[in-house]
Amino acid sequence: MTTPERDVPEATEVAPLWVPADVWPQLADLAIRLSARGWRLATAESCTGGLLAACCTALPGSSDWFERGFVTYANAAKVAELGVEEGLIAAYGAVSEPVARAMAQGAAHRAQVQAAVAITGIAGPSGGSAAKPVGTVWFGWAVDGQVQAECQRFDGDRAAVRAAAVAHALRGLLRRLPPPPPR
């Protein structure tokens with residue numbers, strides 16, 4: 001059951017099976033923080049293929065704060081949909097700080113939202129290199145005009161890397177959002 005003033009799950013609600021258990025409470029917190037300010041969120045995903053957007057929209061009432069998701073798996077999609085410069089991809093690769101930052105900034109700009117998160121990485125089982133092994137994921141966050149990025153390395157198979165990336169993206173977004181106003 002949800003509360004009338006906020007359409008977020010109560011502690012007794014169960015997340016859909018495909019939403020990682022540690023993500024459900026983060027989504028509820030995200031909904032409260034974005035809704036309290038009237039902000040909206042856009043996602044830009046490569047290696048997670050829309051999993052973050054799917055988790056966000058699994059939450060009842062997400063239409064109040066979730067604007068859209070860009071699944072830009074191919075480099076050409078990053079350029080066409082998010083405005084990432086081809087030169088950045090050529091110089092640094094799709095899995096890099098400059099591209100993650102450009103993806104987040106592009107998503108915020110194209111969707112005209114106050115918050116955006118980007119994920120670009122190598123989920124495996126192939127595609128890695130010595131410099132960028134499987135499990136390397138770059139994140140970008142654009143929050144209220146400020147853009148930040150960071151890299152993480154996750155262990156496990158493709159599913160584990162993707163799930164860890166979604167959870168990390170949400171934790172990072174929550175760290176960058178202002179706390180909810182007092183009631």
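Our structure is the block above this text.
Before going into details, it helps to say that this report is about the structure given with it. Along each chain, numbering runs from 1 in the same order as the chain's sequence is written. Side-chain atom pairs in this predicted model are given and counted only at pLDDT of 80 or more, local residue features only at pLDDT of at least 70, and totals for whole chains, interfaces and linings cover all residues. Each side-chain value is derived from all of the structure's non-hydrogen atoms; neither hydrogens nor water enter the calculation.

Moving on, we get to the overall build of the protein. Secondary structure elements follow DSSP: runs of H or I of four or more residues count as helices, runs of E of two or more count as strands, with numbering from the N terminus. Across its full length, the protein holds six helices and five strands. Going residue by residue from the N terminus, the α and β elements of the protein occur as α-β-α-β-α-α-α-β-β-β-α. Against the globule reference of 16 Å for 183 residues, the protein gives a C-alpha radius of gyration of 16 Å, in line with a compact fold. Along the first, second and third principal axes, the C-alpha set of the protein runs to 50 × 35 × 25 Å. Only protein chains enter the area calculation, which uses a 1.4 Å probe; residues under 20% of their type maximum are buried, those over 50% are exposed, and those in between are partly exposed. Across the 183 residues that make up the protein, the buried fraction comes to 48%. Contacts: residue pairs with any heavy atoms within 4.5 Å of one another. Long-range contacts, defined as pairs at least 24 residues apart, comprise 63% of the intrachain contacts of the protein with a sequence gap of at least 6. Surface summary for the protein: the accessible area is close to 8,500 Å², and the carbon and sulfur share equals 53%. As used throughout, the charge tally considers Lys and Arg to be positive and Asp and Glu to be negative, leaving His and the chain termini uncounted. Think of each charge as sitting on NZ of Lys, CZ of Arg, CG of Asp or CD of Glu. Charge separation in the protein, taken as the distance between the mean sites of 16 positive and 17 negative side-chain charges, equals 4 Å. When we talk radius of gyration, it's over C-alpha atoms, and the globule rule is simply 2.2 Å times the number of residues to the 0.38. For accessible areas, the Shrake-Rupley method is used with a probe of radius 1.4 Å. Any residue's cover is judged against the shown protein chains and nothing else.

Moving on, we get to the pattern of salt bridges. Any carboxyl oxygen of Asp or Glu within 4 Å of a side-chain nitrogen of Lys or Arg constitutes a salt bridge here. What the rule picks out here adds up to six salt bridges. The partner of R33 in a salt bridge is D29, with the nearest N and O atoms 3.2 Å apart. Here R33 pairs with D29, and both are found in helix α1 (residues 24-37), just four residues apart, close to one helical turn. Of the residues examined, D29 reaches a relative accessible area of 25% and is grouped as partly exposed. For R153, the salt bridge is made with D155, and the minimal N-O distance between the two is 3.2 Å. Judged by relative accessible area, D155 falls into the exposed class, the value being 63%. Three or more residues joined by partner-sharing salt bridges are found here, namely R40, E67 and R68.

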